[in-house]
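The lines below spell out each chain.
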Amino acid sequence: MDLNGNGNRVRVDTAAVEHILFNLVDNTAKYAASSEPPTLRISTNKRGEFIEIHVTDHGPGIPPPERRRIFHAFHKSARDAAETQPGVGLGLALSRRLARGLGGDLICAEPTRGTGAHFVLTLPISRVD
């Protein structure tokens, strides 16, 4: 799969990548739907031997103390639990496990524009001709 149009290819389980990206987009629809502007941005870039897929929204974001915990199974932030957002807190835990199974990772990074959630999926570049 050529992710950024410059010949850098990743050899991955496309169903796993689709599941990860679906979960990130679904979370944006749940938690950032009323944001202004209601925007989701997906971009890619190369960093060393990895392709990064950045998924960023303009929602309320994730407080720094929560950024590690959201990847624990059955964890929801206190705000999400109080607001009874749908889901049981498994999506990000499963997505990170899938990413690591592909030789990459999934992290919640510092927002690039000050607000919103910013996730980075890394996948190793293949040496395929």
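None of these values were measured; they are calculated from a predicted model.

## A few points about the pattern of salt bridges
For side chains bearing opposite charge, pairing can occur when the charged atoms are close.
Step number 1: Applying the stated rule across the entire model yields 6 salt bridges.
Step number 2: The shortest N-O distance in the salt bridge between R47 and E52 comes to 2.8 Å.
Step number 3: Assessed through its relative accessible area of 8%, E52 is described here as buried.
Step number 4: For R100, the salt bridge goes to D105, with nearest N and O atoms at 2.9 Å.
Step number 5: A network of salt bridges, in which partner residues are shared, links R96, R100 and D105.

## Considerations on a nonpolar patch on the surface
Step number 1: A surface patch of nonpolar side chains, amounting to about 220 Å² of accessible area, comprises V25, L40 and I42.
Step number 2: With respect to the secondary-structure elements, V25 resides in helix α1 (residues 14–31).

## Side note on α1
Step number 1: Across its 18 residues, α1 extends 26 Å between first and last C-alpha, which sits within 8% of the 26 Å expected from 1.5 Å per residue.
Step number 2: Among the residues of α1, those classed as buried are A16, V17, I20, N23, L24, N27 and T28. Buried residues of α1, viewed axially, fall in a sector of 135°; they line one side. Residues of α1 that are exposed and point more than 90 degrees away from the buried face comprise E18 and F22.
Step number 3: Structurally, α1 contributes buried residues whose contacts are with β1 (40–47), β2 (50–57), α3 (91–101), β3 (105–108) and β4 (118–124).
Step number 4: Capping the start of α1, D13 holds a side-chain oxygen 3.0 Å from the backbone nitrogen of A15, two or three residues further along.

## Examining the sheet that holds β3
Step number 1: On the basis of which strands lie adjacent, the open sheet formed by 4 strands has the order β1-β2-β4-β3 and antiparallel pairing. With partners counted over all chains shown, the strands left at the sheet margins are β1 and β3, one partner each. The mean angle between the axes of side-by-side strands here comes to 20°, regardless of whether they run parallel or antiparallel.
Step number 2: α3 contacts β3 and β4 of the sheet and is inclined by roughly 140° relative to β3.

## Things to note about the packing of aromatic side chains
Step number 1: For the coordinates displayed, the defined rule picks out 1 aromatic pair.
Step number 2: Ring centres 6.3 Å apart and planes at 80° place the aromatic pair F71 and F119 in the edge-to-face group. Of this pair, F71 sits in the loop between β2 and α2 (78–82) while F119 sits in strand β4, placing them 48 residues apart in sequence.
Step number 3: Above the ring of F71, the side-chain terminus of R96 is found at 3.7 Å from the ring centroid.

## Thoughts on α3
Note on helix geometry: an α-helix contains 3.6 residues per turn, so any two residues three or four positions apart are oriented the same way.
Step number 1: For α3, the full list of buried residues reads L92, A93, S95, R96 and A99. Burial along α3 is one-sided: seen end-on, the buried residues are contained in an arc of 165°. Exposed positions of α3 whose direction lies more than 90 degrees from the buried face are R97 and G101.
Step number 2: On its buried face, α3 sits against α1, β3 and β4.

What counts and how
Residues numbered from 1 in each chain as written. Predicted model: local features only at pLDDT ≥ 70, side-chain atom pairs only at ≥ 80, totals over all residues. Heavy atoms only, no water. Salt bridge = Lys/Arg side-chain N within 4 Å of Asp/Glu carboxyl O. Buried < 20%, exposed > 50% of the residue type's maximum accessible area, 1.4 Å probe, protein only. Patch = residues over 30% accessible without salt bridge, like charges linked within 9 Å, V, L, I, M, F, W, Y side chains within 5 Å. Areas by Shrake-Rupley, 256 points an atom, 1.4 Å probe, with all protein chains shown as cover. Helix = DSSP H or I, 4+ residues; strand = E, 2+ residues; numbered from the N terminus. Expected span 1.5 Å × (residues − 1). Arc of directions from axis to C-beta. Contact = heavy atoms within 4.5 Å. Polar contact = N/O pair within 3.5 Å; in protein donor to acceptor, adjacent residues only side chain to side chain. Pairing = 2+ DSSP bridges. Axes fitted to C-alpha atoms, helices over the stretch in contact; angles between N-to-C directions. Phe/Tyr/Trp six-rings, centres within 6.5 Å; stacked < 30°, edge-to-face > 60°. Lys NZ or Arg CZ within 6 Å of the ring centre and 35° of its normal.

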